[in-house]
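# Survey of secondary and tertiary structure
The primary structure of each chain is shown beneath.
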Amino acid sequence: GKCFVYSSGLMDHICVCENGDSKAWYKKPGHFKGTLDAFVKIFQIEGIKSLWHGLTPTLFPLLYCKIMALPTTVVYFTCYDQLSEALKSRLGKDDDHIPVLAGSLSRFGSVTLVSPLELIRTRVQSRQLSYQQLYLCMRSEVARDGWLSLWRGWSSTVLRDVPFSAIYWYNYECFKKMMCKKVGVDESTFSIAFASGAASGSIAAVITLPFDVVKTHRQTELWERETLKILQRNSTSVWAVLRRIVTENGVSGLFAGIVPRLVKVAPACTIMISTYEYGKTFFCHLNEKKNQHP
């Protein structure tokens, strides 16, 4: 009851509970049987605008989402394309290991690059620091714990995102080839990329959900320790949290929130890959026309 995770659609935010305030947007009365039931009841009782409650407190952190989204996306997709082409020349064009290797390595690189920015975003969000205060805070932390302290929480993010990318890209390439063959086209269309992205994103989200649950637990524990000054008696390592969840809630506890995660991840993957493929095809054809008619 000290804090909770709130998803803005772009990334997750840790928020402090407002003690004593029964009018807070997240304390709305009602018992929900599931995600769909929550949507229907909130819409009926409070109106459609209430589904966007909590947006205002996240607008400032969203600026950091944009800052982080740019280098992450650029590094991620550029590395995937370049690694795929390099591996195709070595392993062969139709090797099934290519999307797994390229997806894993590209995601590993982007997560490692952005991890310090994620830590900075968390600091700003939790303490509402000015830029000067933030600089002094980060400098003192580096002086005390070393440069590796900037990558705190990196391991749990890697354990979630790297397997997700490996599974996602493998299934995406398989679905895309299968659908292109069935339709009788040589390259992916927007609709093929859309359908392949939705299917592969859903599969990857379900398989990697336990690591997402562990990451959420570690986020809240880190928040309580650093922001609320609550001492943690138990170990907060990835495997310790994993064992604790299974002990307290069983294996099903590792798949808590599966419906909301699918509702969030599947459309995100679909929009991401379909627009990316469309943009790549568009500019490829545009460059071909320019080369033909200089």
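The following paragraphs examine the structure supplied in this document. The structure presented is a predicted model; accordingly, all values stated were derived computationally and were not measured.

Cut-offs applied
Residues numbered from 1 in each chain as written. Predicted model: local features only at pLDDT ≥ 70, side-chain atom pairs only at ≥ 80, totals over all residues. Heavy atoms only, no water. Helix = DSSP H or I, 4+ residues; strand = E, 2+ residues; numbered from the N terminus. Buried < 20%, exposed > 50% of the residue type's maximum accessible area, 1.4 Å probe, protein only. Contact = heavy atoms within 4.5 Å. Areas by Shrake-Rupley, 256 points an atom, 1.4 Å probe, with all protein chains shown as cover. Phe/Tyr/Trp six-rings, centres within 6.5 Å; stacked < 30°, edge-to-face > 60°. Salt bridge = Lys/Arg side-chain N within 4 Å of Asp/Glu carboxyl O.

On a plain count of helices and strands, the chain comes out with nine helices and two strands. From first element to last, N terminus to C terminus, the chain shows the α and β order β-β-α-α-α-α-α-α-α-α-α. A total of 294 residues make up the chain; the buried ones form 38% of that total. Counted over contacts in the chain with a minimum sequence separation of 6, partners at least 24 positions apart contribute 66%. Total accessible area on the chain is roughly 17,700 Å²; 64% of this is exposed by carbon and sulfur atoms.

Attention now goes to the packing of aromatic side chains. Applying the stated rule across the entire model yields twelve aromatic pairs. Judged by centre distance (3.8 Å) and plane angle (20°), the rings of Tyr-80 and Trp-169 are stacked. Here Tyr-80, found in helix α2 (residues 59-91), pairs with Trp-169, found in helix α5 (residues 154-183); they are 89 residues apart in sequence, far enough to count as distant. What makes Tyr-80 buried here is its relative accessible area of 4%. Chaining the aromatic ring pairs together yields one cluster made of Tyr-76, Phe-77, Tyr-80, Phe-164, Tyr-168, Trp-169, Tyr-172 and Tyr-276.

Tracing the backbone shows Thr-35 in helix α1 (residues 35-46). In the structure, Thr-35 is positioned 225 residues away from Pro-260 in sequence and 6.6 Å away in space, judged by C-alpha atoms. For Thr-35, the contacting residues outside a window of four places in its chain are Val-259 and Pro-260.

Right, let's get into the pattern of salt bridges. Scanning the entire structure with this criterion turns up eight salt bridges. A salt bridge links Asp-81 to Lys-280; its shortest N-O distance comes to 3.5 Å. With Asp-81 in helix α2 and Lys-280 in helix α9 (residues 258-292), this pair connects stretches of sequence that are 199 residues apart. Of the residues examined, Lys-280 reaches a relative accessible area of 36% and is grouped as partly exposed. Notably, a salt bridge pairs Glu-173 with Lys-176, separated by 3.5 Å at the nearest N-O pair. One end of the pair, Glu-173, and the other, Lys-176, are both in helix α5, three residues apart, so they sit about a helical turn from each other. Glu-173 gets classed as buried once you look at its relative accessible area, which sits at 16%. Ionic contacts of the salt-bridge type, sharing partners, join the residues Arg-107, Arg-160, Asp-161, Asp-212 and Arg-261 into one network.

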